[in-house]
Amino acid sequence: MFTSQTSSFQDSIDVEERDDFDSEEISGYNQKVQLNCYYAIYLYQGTRSEATAENVSWNQRRADSTSSQEDFSLTLVDSSLPMEAEPELRTYISRRLSKGALLGGMGNIATVELSIPEQAVGCYCCLLEQERSPEQPDADGNGYVICFLGGSEKGLNLYRLELDKYVQGLQSSLQTPELQNLETELRPYLSLWYEESVMHIYRVVQLVQSNISFLLHAALSHSHVEVSNSDERTKADVSRFIKAASLQGLSQQDTTAASLCKAMSEDAHSDLMIDCSESPPALTNTTSNRFCDDWSQAFVNAAERGNPFLLRQILENFKLKAIQDMNSLKRFVRQAEMSHYALFRCCQFLQGCGNADVLLQNARSEHSDLPEACRIISVLEEFLREQAQA
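These numbers were taken from a predicted model, which means no experiment stands behind them.

**Some thoughts on the packing of aromatic side chains**
Describing an aromatic ring pair means giving the distance of the ring centres and the angle of the ring planes.
Part 1 of the argument: For the coordinates displayed, the defined rule picks out 14 aromatic pairs.
Part 2 of the argument: On the basis of an interplanar angle of 70° and a centroid distance of 6.4 Å, the ring pair of F241 and F299 is categorised as edge-to-face. With F241 in helix 11 (residues 232-245) and F299 in helix 13 (residues 290-304), the pair connects residues that are 58 residues apart, well separated along the chain. Considered together, F241 and F299 belong to a single accessibility category, that of buried residues.
Part 3 of the argument: Among the aromatic residues, ring-to-ring pairing joins Y124, F148, Y159, Y166, Y189, W193, Y194 and F309 into one connected group.
Part 4 of the argument: Sitting above the plane of the Y159 ring, R312 keeps its charged end 5.1 Å from the centroid.
Part 5 of the argument: One cation-aromatic arrangement involves R331 over F332; the distance from NZ or CZ to the ring centre is 5.4 Å.

**Digging into unusual backbone geometry**
Part 1 of the argument: Residue S279 is joined to P280 through a cis peptide bond whose omega torsion reads 0°.
Part 2 of the argument: As for its position among the elements, P280 is in the loop between strand 8 (272-275) and strand 9 (282-284).
Part 3 of the argument: Positive phi values are uncommon outside glycine, yet Q119 reaches one of about 65°.
Part 4 of the argument: By secondary structure assignment, the location of Q119 is in the loop between strand 4 (108-113) and strand 5 (120-129).
Part 5 of the argument: Assessed through its relative accessible area of 56%, Q119 is described here as exposed.
Part 6 of the argument: Positioned with a positive phi, H222 is a non-glycine residue whose angle comes to about 60°.
Part 7 of the argument: Structurally, the position occupied by H222 is in the loop between helix 10 (212-220) and strand 7 (225-228).
Part 8 of the argument: Since its relative accessible area comes to 36%, H222 is described here as partly exposed.

**A short note on the environment of N307**
Part 1 of the argument: Counting through the fold element by element, N307 comes out in the loop between helix 13 and helix 14 (308-336).
Part 2 of the argument: As a C-alpha pair, N307 and Y202 span 105 residues in sequence and 7.8 Å in three-dimensional space.
Part 3 of the argument: Reaching out from N307, the side chain makes a polar contact with the backbone nitrogen of F309 at a distance of 3.0 Å.

**Brief notes about the pattern of salt bridges**
Part 1 of the argument: Under the definition given, this model contains 15 salt bridges.
Part 2 of the argument: Salt-bridge contacts for E183 lead to R187; the nearest nitrogen and oxygen are separated by 2.7 Å. One end of the pair is E183 and the other is R187, both in helix 7 (residues 182-191) and four residues apart, which spans about a single turn.
Part 3 of the argument: Accessibility expressed as a relative area gives 52% for E183, which makes it exposed.
Part 4 of the argument: Look at R187 and you get partly exposed, because its relative accessible area is 25%.
Part 5 of the argument: Here E316 and K319 are joined by a salt bridge, their closest N and O atoms 3.6 Å apart. Here E316 and its partner K319 are both found in helix 14, three residues apart, which amounts to about one turn of the helix.
Part 6 of the argument: Residue K319 is classed as buried on the basis of its relative accessible area, which comes to 7%.
Part 7 of the argument: Here the residues in one salt-bridge network are E195, E196, R203, R233 and D237, joined through shared partners.

**Things to note about the pairing of strand 4**
Part 1 of the argument: Examined bridge by bridge, strand 4 and strand 5 share six bridges and lie antiparallel to one another. Bridge pairing in strand 5 links I109 to Y124.
Part 2 of the argument: The antiparallel pairing of strand 4 with strand 5 creates a hairpin that spans six residues between the two strands, and Q119 there sits at a positive phi of about 65°.

**Some thoughts on helix 15 (residues 340-353)**
Residue pairs spaced three or four apart in an α-helix point in one direction, given the helix's 3.6 residues per turn.
Part 1 of the argument: Between its terminal C-alpha atoms helix 15 stretches 20 Å, which fits the 20 Å expected from 14 residues at 1.5 Å a residue.
Part 2 of the argument: Every buried residue of helix 15 is listed here: A342, L343, C346, C347, F349, L350 and C353. Within helix 15, the buried residues cover an arc of 160° as seen down the axis, which keeps them to one side. Away from its buried face by more than 90 degrees, helix 15 exposes H340 and Y341.
Part 3 of the argument: If you check the start of helix 15, you find a side-chain oxygen 3.2 Å away from the backbone N of Y341, and it comes from S339.
Part 4 of the argument: Note on helix 15: the residue one or two positions beyond its end, G354, has a positive phi of about 75°.

**Things to note about the environment of F309**
Part 1 of the argument: Position of F309 among the secondary structure elements: in helix 14.
Part 2 of the argument: The class for F309 is buried, based on a relative accessible area of 0%.
Part 3 of the argument: For the pair F309 and Y202, spaced 107 residues apart in sequence, the C-alpha separation works out to 9.0 Å.

**Looking at the state of the cysteines**
A disulfide bridge is the covalent bond that connects two cysteines by way of their sulfur atoms.
Part 1 of the argument: Taken as a whole, this structure holds zero disulfides when the rule is applied.
Part 2 of the argument: Free of any disulfide, C347 has its nearest neighbouring cysteine sulfur in C346, separated by 6.2 Å.
Part 3 of the argument: Classification of C347 as buried rests on a relative accessible area of 9%.

Reading the values: the criteria
- Residues numbered from 1 in each chain as written.
- Predicted model: local features only at pLDDT ≥ 70, side-chain atom pairs only at ≥ 80, totals over all residues.
- Heavy atoms only, no water.
- Phe/Tyr/Trp six-rings, centres within 6.5 Å; stacked < 30°, edge-to-face > 60°.
- Helix = DSSP H or I, 4+ residues; strand = E, 2+ residues; numbered from the N terminus.
- Buried < 20%, exposed > 50% of the residue type's maximum accessible area, 1.4 Å probe, protein only.
- Lys NZ or Arg CZ within 6 Å of the ring centre and 35° of its normal.
- Polar contact = N/O pair within 3.5 Å; in protein donor to acceptor, adjacent residues only side chain to side chain.
- Salt bridge = Lys/Arg side-chain N within 4 Å of Asp/Glu carboxyl O.
- Pairing = 2+ DSSP bridges.
- Expected span 1.5 Å × (residues − 1).
- Arc of directions from axis to C-beta.
- Disulfide = S-S within 2.5 Å.

Dropping the structure here:
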């Protein structure tokens, strides 16, 4: 049993050695070459909708950058793509729209081939539809199609939620008919999509290096993290990392995952403090365990290779392994209520997994209304204390 658990952990933590990730994600990162990223935004109009005089005038000026289908038109607003590549992207989007593959407010990620140095890149597309008036609820919808290009389809899929949220942040900037705020608001916002939606995990690992184990433990144990003497971006990055590393919301069906996020033992935990007034930052009230320490090296190695997509995959594997161990402990506790041998196996498992404090914290919270299970957990906690003292 112990051997199989160790092997499973090694399989999880060695994701960076897998061929599929090496060939698709790491290419271009070994020399820390900056990834080329692009964006494009298009005006989407149902051709049967009545256009305002301002829109008609604007569309006439942009006639050479418009693709028309039977029931909609697609007009370029702005793009960072090379001149020869943008029409290719517009054709691709028109094809997706005509097939109904772009749903309002939901991002779609695929691989596209364009006339750019990378040739094939991941492309995130999202249709933001404008609200229809109550007087004309059945009118053809207008809106904007936003595209982000860079990395690979597999890599962008790891950040789908972040990209969806980033696109939604454009809503307030897309209200004026001719987008007079293109230079002041829209273009700067679109240009930063990669830095803001993808690079935050990488920046946090670069900031704390091997001390990332303390942040991982804080996320699993639902401890608060306080960042001082830093800019707002760093504070936001750390907060987003903790949220991404926690198990909250990972599975609505998995009550174990939800309970681990909310689990707090009766013993008070001090907040993890990160003081950025010095470099590297000073961390106080730190707590970790062997499980988080082992995973921290995988994060540091991935950061050295400059690959944020690999970092996110490692983070997802870290969370998955925590869930698997949590479910194993639940099973052992149920078995230990009827078998002393199962109790022995449970002790072996907790010794081997390196995450006993977090798992037992969760187990005690989840089984608080089951006296027999609480008794088993108390026995396990006492055994581990004796082993630590020995």
